[in-house]
Amino acid sequence: MQSYSDVAKLGLANFWIAFLTFTLAALLGLYQVLERAGMIPQFESVELYFGSVSAHGVIMGFVLTTFFIMGFGYWAAGTSLKMPVWNKGLAWFGFLLSLTGTVMAAAMLFTGQASVLYTFYPPLKASPVFYIGATLLVVGSWIWVLEMVMMMHRWKQAHPGEPVPLIMFGTTANALLWFFTSLGVASEVLFQLIPWSLGWIETIDVGLARTLFSWTLHAIVYFWLIPAYLAMYTLLPKLAGGKLFSDEMARISFIMLLVFSVPIGFHHLYVDPMQADGWKFLHMIGTFMVAVPTLFTGFTVIASMEVAGRMRGGKGLFGWIKTINWDDPLVLAGGLALLMLTIGGWGGLVNASYSMDVMVHNTQWITGHFHLIFAGTTVIMYFALAYHIWPKMTGRPLMSKGLAKLQLWLWFIGMLVLTLPWHIMGLLGQPRRISVAPYGNEVAKSWIPYEIAMVVGGAILAVSALMVLIILLGTHLRRATVEDREMAYAEPVEPVLRLPALLNGFGFWAAVIVVYLIASYGYPILQFFLMDTHGAFPWSI
Amino acid sequence: MHIDATEKKWIYLTFLMTFAGIGVLAAYAIKDNIYPPSNVETIDSAALHLSDEFNEDAIGVRREKDGSIRVTMVAARYGFFPQGITVPVDTPVKIRIASADVLHGIHTVDTNFNTMVVPGYVSEVNTTFKKTGTFPMFCNEYCGLGHDFMWARLTVVPKEKFKL
């Protein structure tokens, strides 16, 4: 049997950073709903609240995700390609670089020197240490991108003409997606925020900064989401008791996600004055195109579940749903994730719409939407992947399958109780990013029942988050051992023996992305150098 | 390459739904002349008090020659100036806002008045308020520790009661 000890060590190191910081950020989330609801006067503090929201957002969005995805990538590459890590020293250097950056950024966040929220909001200025730390986190992750590309490349050299295993194909697609999408925020931080926060340049153009951030801001959610999709395509069908409905459609979906998700960030800028409406409309068309691979994914995954249900004796139009192996935590998480993706996706169509977005832009609707898609659909799959992979990495059996399933159910219920009221509050006009609602009028009074629901949802989620840590620690500390440490990836219904080169590599697609990026972001960025603009001086919070 | 027959139908349906969605949104945007605030107009936020349009005497509500209403506002930590505006119902209103300092945003519930206010740029919204009453206008973008307390009032009155 192949030994996966090198990828297991890298994977576990990354996973532990991801889940330890996640637990901390989840507890901050509980504090935030309590503060925001305004029920406990002792908790009221704008300094603490905005510091907490900044830390919660940065940890969940940049730290949990990046480390989880890197750990998952190393493990997927090692176990599917059956190869050792390419240049192990470099891989660990990348991990340490990301970790150093995280510690620097965290030190500033937890001392109130970076309360500028997840999207940085210049001309509010944070400590330069925060911006430099965030940059190191991203640069460390670029080393992981190189690792993934090199491992796939070397495997293809050793196996000419053979299809790259689907999980590695999707992981490499995600690595490239992350590289292209992180260029936007990297340019903002390197050319604007760091020199400006150090006083080397006096002012920065906020319009340009927001445009560059928008480049990253949408595709980053697909970077987070792809590991969840990969679990649904490559693990769930087999664990459910069946086979993957179509390997080729999965590859087509990953390529579409890679190409379509980067150049569409302007739906975050629909109500920003510095971009013209024609560009916003074009980006809306692009935004809707990303629904295509998501709808393909929904079809293939649900069809695979039906294959499983029927192979296990399910009959009739819906009888197969009952016979799916729901006892497996990853299958259960997949079902719950798809439900949340469906509700969150419908909400997303509203904020993605050029003409409907103004009803909800910058309201609590948006917070409800992205918690349902990210914290719901995506992170629930991270939990399930951790429960599936941990025993294989450590050789110790999962602490308790029952506890794991209870944790997933609580996460699902808590997320619905939290986010459905947020959608309603958004329609009732509540702005996002507020700590109290001191308006004292009828509109503000109509929010109160939903704020109570929000606190209940937040409390359920905090319990569920603590359970994740307990289950992972409990698994890691067990003395029993598991024999079967091979990853069992799902077989497609129709075996794939030969693939067209376009579905087995990314050279052509990378060129397509560059052309599409220049077409959609070229002039909107160039315009700032052609107009007579006025930069903004730094402001403290 | 193998693509199942049912899957092919789903592929066609997916593209049909996506293009239909884009088509409906485009048709409404053209028919109702909907466009988000996108005027791409620069201004020196540090010198609003010296500008013709946003100095202290110029801001507020006024009636244009064609009968429409023009509202000029300044957003600055932590308030909108003027803090209260009154406009007539069912009348075209052009609202222009500039920031004197950092990022802000403003929206009013149940209307399509919603815009970011970005330092260095002027935001312009063209709308018609269709309900009378007094509504809060919230700052909807984090602008510093006093952000929660930044809001203004919009009063929409019947046409005959509107006076300048």
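Worth saying up front: this structure is predicted, and the values here are computed from it rather than measured. (Residues numbered from 1 in each chain as written. Chains lettered and ligands numbered in written order. Predicted model: local features only at pLDDT ≥ 70, side-chain atom pairs only at ≥ 80, totals over all residues. Heavy atoms only, no water.)

Which residues make up the overall build of chain A, and what values go with them?
Looking only at helices and strands, chain A has 18 helices and zero strands in total. For 541 residues, the compact-globule estimate of 2.2 N^0.38 gives 24 Å, and the C-alpha radius of gyration of chain A, at 23 Å, lies within 12% of that figure. Projecting the C-alpha coordinates of chain A onto the three principal axes gives extents of approximately 60 × 50 × 45 Å. The burial tally for chain A puts 65% of its 541 residues in the buried class. For chain A, the share of sequence-separated contacts (at least 6 apart) that also reach a separation of at least 24 residues comes to 84%. When the accessible area of chain A is evaluated, it comes to approximately 18,600 Å², of which 71% is carbon and sulfur surface. (Helix = DSSP H or I, 4+ residues; strand = E, 2+ residues; numbered from the N terminus. Rg over C-alpha atoms; globule rule 2.2 N^0.38 Å. Buried < 20%, exposed > 50% of the residue type's maximum accessible area, 1.4 Å probe, protein only. Contact = heavy atoms within 4.5 Å. Areas by Shrake-Rupley, 256 points an atom, 1.4 Å probe, with all protein chains shown as cover.)

So what about the domain arrangement of chain B? Which residues, and what values?
Domain assignment breaks chain B into domain 1 (1-34) and domain 2 (45-161). Computed from C-alpha atoms alone, the centre-to-centre distance between domain 1 of chain B and domain 2 of chain B is 38 Å. (Domains from an automatic or database assignment.)

Report on empty space enclosed by the protein, specifying residues and quantitative values.
To find leftover empty space, a probe the size of one water molecule is rolled over the atoms. Residues and elements named next belong to chain A. Tallying each qualifying case throughout the model produces three cavities of 30 Å³ or more. One number sums up the size of the largest cavity: a volume of about 110 Å³. Lining the largest cavity, in full, are Phe 62, Phe 120, Ala 134, Thr 135, Leu 137, Val 138, Val 139, Trp 142, Val 185, Ala 186, Val 189 and Leu 190. Looking at which element gives the most residues to the lining of the largest cavity, the answer is helix 4 (residues 128-158), with six residues. Taken together, the residues of the lining of the largest cavity break down into 11 nonpolar, one polar and no charged. (1 Å grid on protein atoms, 1.4 Å probe; cavity = no way out; pocket = protein on both sides within 12 Å on 5 of 7 lines; lining within 4 Å. Points joined across faces, edges and corners; volume = space filled by probe spheres on them. Nonpolar A, V, L, I, M, F, W, Y, C, P; charged D, E, K, R; others polar.)

Mind laying out the pattern of salt bridges, listing which residues take part and the relevant values?
Residue and element names in this part refer to chain B. Evaluation of the coordinates by the stated rule reveals 14 salt bridges over all chains. Residue Lys 131 is joined to Asp 110 by a salt bridge in which the shortest nitrogen-to-oxygen separation is 3.2 Å. With Lys 131 in the loop between strand 8 (122-128) and strand 9 (133-139) and Asp 110 in the loop between strand 6 (104-108) and strand 7 (114-117), this residue pair connects regions lying 21 residues apart in the sequence. Each member of the salt-bridge network shares a partner with another, and the members are Glu 41, Glu 53, Glu 64, Arg 70, Lys 94, Arg 96 and Glu 124. (Salt bridge = Lys/Arg side-chain N within 4 Å of Asp/Glu carboxyl O.)

Describe the nonpolar core, and please don't skip the residues or the numbers.
Residues and elements named next belong to chain A. Core analysis: the biggest nonpolar cluster contains 231 residues, and Phe 19, Phe 22, Phe 130, Ile 380, Phe 383 and Trp 411 have the highest contact counts within it. If one sorts the elements of this core by residue count, helix 2 (residues 46-81) sits on top with 20 residues. Once you skip the residues sitting within four places of it in the chain, Phe 383 turns out to touch Phe 19, Phe 22, Gln 407, Leu 408, Trp 411 and Val 468. (Core = buried A, V, L, I, M, F, W, Y, C linked by side-chain atoms within 4.5 Å.)

Quick rundown of the interface of chain B and chain A? Include the residues and the values.
Listed by partner, the interface residues are 60 residues for chain B and 76 residues for chain A. Together chain B and chain A conceal approximately 5,800 Å² of surface at their shared face, both sides included; 71% is due to carbon and sulfur atoms. Three residues, Tyr 142, Leu 145 and Asp 148 of chain B, lead the burial of chain B against chain A; their summed loss comes to 13% of the area buried on that side. Counting the contacts that link chain B with chain A gives 20 residue pairs in polar contact (both at pLDDT 80 or more). (Buried area = accessible area lost by both parts, 1.4 Å probe. Polar contact = N/O pair within 3.5 Å; in protein donor to acceptor, adjacent residues only side chain to side chain.)

Which residues make up the sheet that holds strand 9 of chain B, and what are the values?
Residues and elements named next belong to chain B. In spatial order, the strands read 4-10-9-6-7; together these five strands make up an open sheet with mixed pairing. In this open sheet, the two edge strands, each paired with only one partner strand, are strand 4 (84-88) and strand 7. On average, adjacent strands in this sheet sit at an angle of 20° to one another, irrespective of strand direction. For strand 9 and strand 10 (residues 151-157), the ladder comprises six bridges, and the chain directions are antiparallel. Within strand 10, the position partnered with Met 137 by the bridge is Ala 152. (Pairing = 2+ DSSP bridges. Axes fitted to C-alpha atoms, helices over the stretch in contact; angles between N-to-C directions.)

Can you lay out the packing of aromatic side chains for me, pointing to particular residues and giving the numbers?
All names here are of chain A. In total, this model carries 49 aromatic pairs over all chains according to the counting rule given. Here the aromatic rings of Phe 68 and Phe 72 are separated by 6.2 Å at their centres, their planes lie at 10°, and the arrangement is stacked. With a gap of four residues between them, Phe 68 and Phe 72 both fall in helix 2, about one helical turn apart. Comparing Phe 68 with Phe 72 shows no difference in burial state: the two are buried. (Phe/Tyr/Trp six-rings, centres within 6.5 Å; stacked < 30°, edge-to-face > 60°.)

Any details on a nonpolar patch on the surface? Residues and values, ideally.
All names here are of chain A. Together, Leu 27, Met 399, Leu 466 and Ile 470 make up an exposed nonpolar region whose accessible area comes to about 320 Å². Here Met 399 lies in the loop between helix 14 (364-394) and helix 15 (401-427). For Met 399, a relative accessible area of 33% puts it in the partly exposed group. (Patch = residues over 30% accessible without salt bridge, like charges linked within 9 Å, V, L, I, M, F, W, Y side chains within 5 Å.)

Go over the environment of Gly 286 of chain A with me, naming the residues and quoting the values.
Residues and elements named next belong to chain A. Residue placement: Gly 286 occurs in helix 10 (residues 277-289). Gly 286 sits 93 residues away from Val 379 along the chain, and the two C-alpha atoms are 25 Å apart. For Gly 286, the residues in contact, after removing those within four places along its chain, are Phe 260, Ile 264 and Tyr 516.

Break down the packing of helix 7 (residues 219-234) of chain A against helix 14 of chain A for me, with residues and values.
All names here are of chain A. Closest axis-to-axis distance for the helix 7/helix 14 pair is 9 Å, and the angle between their directions is 55°. By the angle between their directions, the pair helix 7 and helix 14 is classed as oblique. Every pair of crossing elements has a handedness; the one defined by helix 7 and helix 14 is left-handed. Of the residues in helix 14, those touching helix 7 at Trp 224, Leu 225, Pro 227, Ala 228, Ala 231 and Met 232 are Phe 374, Thr 377, Thr 378, Met 381, Tyr 382 and Leu 385. Its residues placed into classes, the contact of helix 7 with helix 14 shows 10 nonpolar, two polar and no charged. (Parallel < 35°, antiparallel > 145°, perpendicular 65-115°, else oblique. Left-handed = near helix turned anticlockwise from the far one by under 90°.)

Can you tell me about the pairing of strand 5 (residues 92-99) of chain B, naming the residues and giving the values?
All names here are of chain B. With respect to burial, strand 5 is a largely interior element, six of its eight residues being buried. Judged from the seven bridges that link them, strand 5 and strand 8 form a sheet pairing that is antiparallel. Among the inter-strand pairings, Ile 97 is bridged to a residue of strand 8, identified as Ser 123.

Residues and numbers for the confidence of the model for chain B, please.
Residue and element names in this part refer to chain B. Averaged over every residue, the pLDDT of chain B is 93; the share at 70 or more is 100%. The weakest mean pLDDT in chain B belongs to helix 1 (residues 5-31) at 92; the strongest belongs to strand 2 (residues 69-76) at 97. Per the prediction output, this complex has pTM 0.96; the corresponding ipTM is 0.95. (pLDDT = per-residue confidence, 0-100.)

An account of unusual backbone geometry is needed here, citing residue identities and associated values.
The step from Arg 77 of chain B to Tyr 78 of chain B runs through a cis peptide bond, and the omega angle for that step is -10°. Going from Phe 81 of chain B to Pro 82 of chain B, the amide bond is cis rather than trans, its omega being 0°. Note on placement: Pro 82 of chain B falls in the loop between strand 3 (79-81) and strand 4. Of note, Arg 433 of chain A is a non-glycine position whose phi angle comes to about 55°, a positive value. With respect to the helices, strands and loops of the structure, Arg 433 of chain A is situated in the loop between helix 15 and helix 16 (442-445). Judged by relative accessible area, Arg 433 of chain A falls into the buried class, the value being 12%.

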